[in-house]
Amino acid sequence: MAKKIAQLGKSLGFEWGGDWRKPDKPHFQMRFGKHHTELAQNYSACCTTL
C-alpha cells in the first residue's frame, strides 16, 4: 500500500522521503523546482513580518 501511495504522490510532482539517503517514508513535499534554501530565503524576504 505504501508503495502505491508513494507512486501516486510522485506522479503528482511531490518529492517522497522514501527516496532520500535517510528515508522518511511518511514525508512528502513540493519543492516547486527550487532547493529548500532558496525557498527559505524567499520566505524570509517577504513573510517575516506576518
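Parameters and conventions
Residue indices begin from 1 for each chain and proceed along its sequence in written order. Whole-chain, interface and lining totals are the exception, using all residues; otherwise, since this is a predicted model, local features are given only for residues with pLDDT of at least 70 and side-chain atom pairs are given and counted only at 80 or more. For side-chain calculations, the full set of non-hydrogen atoms in the structure is used, while hydrogens and water are omitted. Strands are runs of DSSP state E lasting at least two residues, helices are runs of H or I lasting at least four, and both sets are numbered from the N terminus onward. Here the radius of gyration uses the C-alpha set of atoms, whereas the globule reference equals 2.2 Å times the residue count to the power 0.38. Residue burial considers only the protein chains on display, and all accessible areas are found by Shrake-Rupley using a 1.4 Å probe. Here the positive residues are Lys and Arg and the negative ones are Asp and Glu; neither His nor the chain ends is included. To locate a charge, the coordinates of NZ of Lys, CZ of Arg, CG of Asp or CD of Glu are taken.

Draft legend 1. Quick peek at the overall build of the protein. If you tally the helices and strands in the protein, you get two helices and two strands. Along the protein, from the amino end to the carboxyl end, the secondary structure elements read α-β-β-α. Computed over the C-alpha atoms, the radius of gyration of the protein is 14 Å, more than 25% above the 10 Å expected from 2.2 N^0.38 for a compact globule of 50 residues. Based on the C-alpha atoms only, the size of the protein along its principal axes is roughly 40 × 20 × 20 Å. As displayed, the protein has an accessible area near 4,500 Å², and 60% of this comes from carbon and sulfur atoms. One way to put it: in the protein the 8 positive side-chain charges average out to a point 6 Å from where the 4 negative ones average out.

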